[in-house]
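Chains, contacts and geometry: an overview
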Amino acid sequence: MEAAEEARAELIQQLLRLTAVDAPSGDQVGLHAAVDVFEEELAALGGEVKRHTEAGITHLSMRVGAEDGPHVLILCHYDTVWPRGTAAERPARMAEGVLSGPGVFDMRGGIVAAFGALRLLDECPPVELLVTGDEETGSESSRELILERARDASLVLVTEPPLPGGGLKTSRKGWASYSLAVTGRASHAGLDPDRGVSAIDELLDQLREVAALRNPREGTTVNIGTLTGGTLINVVAPEAAAELEIRAVTVAEQEQTDEAMRSLSARRSGASVLVSRRHSRPPMERTRAVATAAARAQELARELGFDLSEGAAGGTSDANLVAPLGLPVLDGLGPEGDGAHALHVHILVDSLVQRNALCALRLQ
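Now for a description of the structure that goes with this document. (Residues numbered from 1 in each chain as written. Predicted model: local features only at pLDDT ≥ 70, side-chain atom pairs only at ≥ 80, totals over all residues. Heavy atoms only, no water.)

1. Focus: the overall build of the chain
So the rule is basically this: Where helices and strands are cited, they refer to DSSP runs of H or I of at least four residues and of E of at least two residues respectively, numbered from the N terminus. Each radius of gyration reported is based on C-alpha atoms, and the globular scaling rule is 2.2 Å times the count of residues to the power 0.38. Any residue under 20% of the maximum accessible area for its type is buried, any over 50% is exposed, and the rest in between are partly exposed; the area is computed with a 1.4 Å probe on protein chains only. Contacts were defined at the residue level, with two residues in contact if any of their heavy atoms lie within 4.5 Å. Only the protein chains shown count as cover for residues, and all accessible areas are computed by the Shrake-Rupley method using a 1.4 Å probe.
For the chain, the count of helices and strands is 11 helices and 16 strands. Here the C-alpha radius of gyration of the chain, 23 Å, is about what a compact globule of 364 residues would show, namely 21 Å. With the C-alpha coordinates aligned to their principal axes, the bounding extent of the chain is approximately 80 × 45 × 35 Å. Counting across all 364 residues of the chain, residues that qualify as buried make up 53%. Pairs at least 24 residues apart make up 79% of the contacts formed inside the chain by residues separated by at least 6 positions. For the chain, the accessible area works out to roughly 16200 Å², and carbon and sulfur atoms hold 48% of it.

Given below as structure tokens:
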């Protein structure tokens, strides 16, 4: 802990540098501008940085540490939810041990904790660092790269934000997003209402069926996010659409809801319903491997002088992708704070120092 405390100023300066860089999710121009900065920070750790570009988005990897033996995979993402120009409008700032700024909690603070941990170590096992650019939008272009680097790993560290109070995330709901596109038949609402087939009416009936998939006892949630449809008030709607998401605690429940979504069909003659699954991540279940990894991290935290709880999260991360492989996964290793994706986003600097020390100790 003493070495991490001595590195406090360096951690803060690196976090301020990274928070000054916009990397808006889904914005290839903005992401491309950020890659050079993150590549430079990675290269300073002493390894050879590799670029992996898929679907126009660049991801970075680097291996450091011993040459032989199973490797530890550290997963981070450099993209944030904030549009270009946000860092200039709301620059990072320090006040009374709190560092605020766009992306500082999700997850620039976690990146700094991981990078700083490697600087603390003279020797460590093989470590693969993977810093991706599309986690906030579903990890579609980085998914195969993540799975490829994870398959032979002995341990996966995910420095995403922790639970409130600093707890590890030992389970996460799975997530699937869908679009429903309904086609009907237009007609004059006054002269020929019976000749039309309302896509809006059909969509509303379909969404009642989707809403019935909610299962509070099992933790399954459904959120209907957007609705569009129709042309004019006096026209029977020829088209309508919705976008929605479903979150489930277990793989079995996610598969069941996915089957129900795919089985949706039109109730009205002359209407059609097209269901498309856009993005998904499987649930991260609290397996024995995950529980064992958490228990070890809790032991190390006590050695460092603080308590480390654990619990479930409704949101997803790239831990959802790798935990189903049966790997020991530690998620929520980033510093404590609040306001992910919100204007009051911040981290606690004392926690950043603690997480830096914890990551370093776990890598020894």
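That was the structure; now back to the text.
2. Considerations on the pairing of strand 11 (residues 239–248)
Applicable threshold: Two strands make a pair as long as DSSP finds a minimum of two bridges between them.
For strand 11, the buried fraction is high: seven of the 10 residues fall into the buried class. Two strands pair when backbone bridges link them, and strand 9 (residues 174–183) and strand 11 are joined in this way by 10 bridges, in the antiparallel orientation. Within strand 11, the residue paired with Gly174 across the bridge is Ala248. Summarising the sheet, strand 10 (residues 221–229) and strand 11 pair through eight bridges and their orientation is antiparallel. Residue pairing across strands places Asn223 opposite Glu245, the latter belonging to strand 11.

3. Observations concerning the sheet that holds strand 16 (residues 346–348)
In plain terms, the rule: Note on geometry: axes are lines fitted to C-alpha atoms, helical ones only across the stretch in contact, with angles between N-to-C directions running from 0 to 180 degrees.
On the basis of which strands lie adjacent, the open sheet formed by four strands has the order 4-5-16-15 and antiparallel pairing. The sheet is open, and its two edges are formed by strand 4 (93–95) and strand 15 (337–338), each paired on a single side. As judged from the three bridges shared by strand 5 (residues 98–100) and strand 16, these two strands associate in the antiparallel manner. Pairing of Ser100 across the sheet is with His346, part of strand 16. Along the sheet face, helix 5 (residues 104–120) touches strand 5, strand 15 and strand 16 and points at about 45° away from the line of strand 16.

4. Side note on the packing of aromatic side chains
Basically, it comes down to this: Paired rings are identified among Phe, Tyr and Trp, the last through its six-membered ring, by centres lying within 6.5 Å, and are further divided according to the angle between planes into stacked (under 30 degrees), edge-to-face (over 60) and tilted (the rest). Here, a charge over a ring is recorded when the distance from Lys NZ or Arg CZ to the ring centre is within 6 Å and its angle to the ring normal is within 35 degrees.
Overall, the coordinates contain one aromatic pair when judged by the stated rule. Arg90 extends its terminal NZ or CZ atom over the ring of Trp82, reaching a point 4.6 Å from the ring centre.

5. Describing the layout of surface pockets
Where we set the bar: Detection works on a 1 Å grid of protein atoms alone, calling trapped sets that fit a 1.4 Å probe cavities and calling open sets with protein on both sides within 12 Å along at least five of seven lines pockets, with lining residues defined by an atom within 4 Å of a point. Grid points are joined across faces, edges and corners, and a volume is the space filled by probe spheres set on the points. Gly falls in the polar group here, along with every residue not listed as nonpolar (Ala, Val, Leu, Ile, Met, Phe, Trp, Tyr, Cys, Pro) or charged (Asp, Glu, Lys, Arg).
The space that makes up the largest pocket amounts to roughly 730 Å³. Lining the largest pocket we find 37 residues, and of these Glu136, Arg247, Gly315, Thr316 and His341 sit closest to its centre. Elements represented by at least two residues in the lining of the largest pocket include exactly helix 5, strand 8 (168–172), strand 9, strand 10, strand 11, strand 12 (272–281) and strand 15. Ranked by residues supplied to the lining of the largest pocket, first place goes to strand 11 with four residues. Class assignment of the residues belonging to the lining of the largest pocket gives a composition of 11 nonpolar, 13 polar and 13 charged.

6. With respect to the sheet that holds strand 7 (residues 153–158)
Sheet architecture is open: six strands sit in the order 1-2-6-3-7-14, paired in mixed fashion. The open sheet has two edge strands with one neighbour each: strand 1 (50–54) and strand 14 (329–331). Each adjacent strand pair in this sheet contributes to an overall mean axis angle of 20°, direction not counted. Where strand 1 meets strand 2 (residues 57–64), five bridges bridge the pair, whose relative direction is antiparallel. If you follow Glu54 over to strand 2, its bridge partner there is Ile57. Where helix 3 (residues 28–43) meets the sheet, it contacts strand 1, strand 2 and strand 6 (127–132), and its direction lies at approximately 10° from that of strand 2.

7. So, unusual backbone geometry
Here the residue pair Asp106 and Met107 is connected by a cis peptide bond, since its omega of -5° sits within 30 degrees of zero. Looking at the secondary structure, you find Met107 in helix 5. Non-glycine residue Ala55 carries a positive phi angle of around 50°. The residue Ala55 is located in the loop between strand 1 and strand 2 in this model. A positive phi angle is found at Glu96, which is not glycine, with a value near 55°. Tracing the backbone shows Glu96 in the loop between strand 4 and strand 5.

8. Points about the environment of Gly97
Tracing the sequence through the fold places Gly97 in the loop between strand 4 and strand 5. The class of Gly97 is partly exposed, set by a relative accessible area of 37%. The contact partners of Gly97, leaving out residues within four places of it in the chain, are Ile347, Leu348 and Val349.

9. Digging into the packing of helix 2 (residues 8–19) against helix 11 (residues 349–363)
Applied cut-off: For classification purposes, an angle smaller than 35 degrees is called roughly parallel, one larger than 145 roughly antiparallel, one from 65 to 115 roughly perpendicular, and anything else oblique.
Relative to each other, helix 2 and helix 11 sit at 105°, their axes nearing to 10 Å. With respect to their mutual orientation, helix 2 and helix 11 come out roughly perpendicular. Taking contact as the criterion, the partners of Arg8, Leu11, Ile12 and Leu15 in helix 2 are, on helix 11, Val349, Asp350, Leu352, Val353 and Asn356. Across the contact of helix 2 with helix 11, the residue classes tally to six nonpolar, one polar and two charged.

10. Some remarks on the nonpolar core
What counts is decided by this rule: For this analysis, a nonpolar core means a set of buried residues of the types Ala, Val, Leu, Ile, Met, Phe, Trp, Tyr and Cys, connected via side-chain atoms within 4.5 Å.
Leu42, Leu129 and Leu363 are the most contacted members of the largest nonpolar core, which has 61 residues in total. Sorting elements by how many residues they give to this core places helix 5 first, with 10 residues. Among residues more than four places away in sequence, those in contact with Leu129 are Leu42, Leu45, Leu60, Ser61, Met62, Ile74, Phe115 and Leu118. Leu130, Leu147, Ala153 and Val158 belong to the second largest nonpolar core, which has 18 residues in total.

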